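Here is what each chain is made of, one letter per residue.
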Amino acid sequence: YDEIDDRLDAALADPQIGGILLDLDSPGGEASGVFELAERIRAASAVKPIWAHANDAAYSAAYAIAAACQRRMLSQTAGVGSIGVIALRVDQSVKDAKDGLHYTAVYAGGHKNDFSPHEPLTPQASTALQSEVDRLYAIFATQVAAMRGLDEDAVRATEAGMFYGEQAVTAGLADAVLPLEQVLTEFAEHLAAQRQTLTPLPRASPAQPRQRLTSSTPVSDKEQSMTDHDPQHTQQHKTGDP
């Protein structure tokens, strides 16, 4: 997440970069830090356009990042979703016994040894872990709902399922099914249109005396349109890479 954040800062600071496209292919990652990164991406999209493309996967934490972008596309074989939280713990107490090992924990604080892999999970530890999973899940569902404009109950109703292709669009988790090449083309066109809108009109050049036209002076359609063209209504058209 830190590396993504650093690259985001660099792209925002570079005047030659007009927009940012996240090319995602990830099964997910840790909960710690991802929601802050998503908020950072959403705030940065007010400075420069930020789109996301799942090519070929954006699950769990990767989808939290994708949901923060202004537009989210996926390739036809790609999947998104898995909006959920999971905590895994290994109980190796049986293996320890087979190996002839016995661990004795000496600790202070009633919960300090709750998640030791060398002992079965206690009821109090299981309850505490489930509570934290539920808390993180609430953050995840609320954030996706807000960023995608969905009802939170609809997000929870996905039950952390994975959605593919048009199914993801129907569920409201993606905007379109497009190959990366087409996304790049549309993004470049979007940035070009945005530059055209934001580019100020050029100043009019000093007026030149017009040549009086007489009936004996032939004027082509092209010459007439150029002569009558008002430079005050000419916009600059620029093209370039995003």
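This text follows the structure it describes.
Model, not experiment: these values are computed from the prediction. (Residues numbered from 1 in each chain as written. Predicted model: local features only at pLDDT ≥ 70, side-chain atom pairs only at ≥ 80, totals over all residues. Heavy atoms only, no water.)

A.B. asks: How do you make sense of helix H5 (residues 123-148) when you look at a structure like this?
C.D. replies: In an α-helix there are 3.6 residues to a turn, and that puts residues three or four apart on one side. For H5, built from 26 residues, the straight-helix expectation of 38 Å at 1.5 Å per residue is met to within 8% by its first-to-last C-alpha distance of 37 Å. Among the residues of H5, Ala125, Val133, Leu136, Tyr137, Phe140, Ala141, Gln143, Val144, Ala145, Met147 and Arg148 are the ones counted as buried. Where H5 is buried, its residues touch helix H2 (34-44), helix H3 (61-67), strand S3 (71-74) and helix H6 (152-157). (Helix = DSSP H or I, 4+ residues; strand = E, 2+ residues; numbered from the N terminus. Expected span 1.5 Å × (residues − 1). Buried < 20%, exposed > 50% of the residue type's maximum accessible area, 1.4 Å probe, protein only. Contact = heavy atoms within 4.5 Å.)

A.B. asks: Before we go on, may I ask you to explain the nonpolar core in this structure?
C.D. replies: Within soluble globular proteins, side chains that are nonpolar generally end up buried alongside one another. Formed by 40 residues in total, the largest nonpolar core has its most connected members in Leu22, Ile41, Ile50, Tyr63 and Val80. Of all the elements in the fold, those that place two or more residues in this core are helix H1 (2-13), strand S1 (20-26), H2, strand S2 (50-59), H3 and H5. Among the elements that take part in this core, H3 stands out by supplying 7 residues, more than any other. Of all hydrophobic cores here, the second largest spans 7 residues; its members include Trp51, Leu178, Val183 and Leu191. (Core = buried A, V, L, I, M, F, W, Y, C linked by side-chain atoms within 4.5 Å.)

A.B. asks: How should unusual backbone geometry be read in this particular structure?
C.D. replies: Trans is the prevailing form of peptide bonds, just as negative phi is the prevailing case for residues other than glycine. Of note in this structure, Ser60 is not a glycine but carries a positive phi near 50°. Residue placement: Ser60 occurs in the loop between S2 and H3.

A.B. asks: Please clarify how the environment of Val155 should be interpreted in this entry.
C.D. replies: When you line up the elements, Val155 lands in helix H6. Linking Val155 and Ala145, residues 10 residues apart in sequence, is a C-alpha distance of 6.4 Å. Setting aside residues no more than four positions away along its own chain, Val155 makes contact with Ile83, Ala141, Val144, Ala145 and Leu150.

A.B. asks: Just checking my understanding: could you explain the packing of H2 against H5 for this structure?
C.D. replies: The axes of two packed helices give the description: the angle between them and the distance between them. As a packed pair, H2 and H5 sit with axes 11 Å apart at the nearest point and diverge in direction by 15°. By the criterion of interaxial angle, the relationship of H2 to H5 is roughly parallel. As for the relative orientation of H2 and H5, their crossing is left-handed in sense. In contact with Phe35, Ala38, Glu39 and Arg42 of H2, H5 contributes Leu136, Ile139, Phe140, Gln143 and Met147. When its residues are assigned to classes, the contact of H2 with H5 shows 6 nonpolar, 1 polar and 2 charged. (Axes fitted to C-alpha atoms, helices over the stretch in contact; angles between N-to-C directions. Parallel < 35°, antiparallel > 145°, perpendicular 65-115°, else oblique. Left-handed = near helix turned anticlockwise from the far one by under 90°. Nonpolar A, V, L, I, M, F, W, Y, C, P; charged D, E, K, R; others polar.)

Just distances and angles here, no functional claims.
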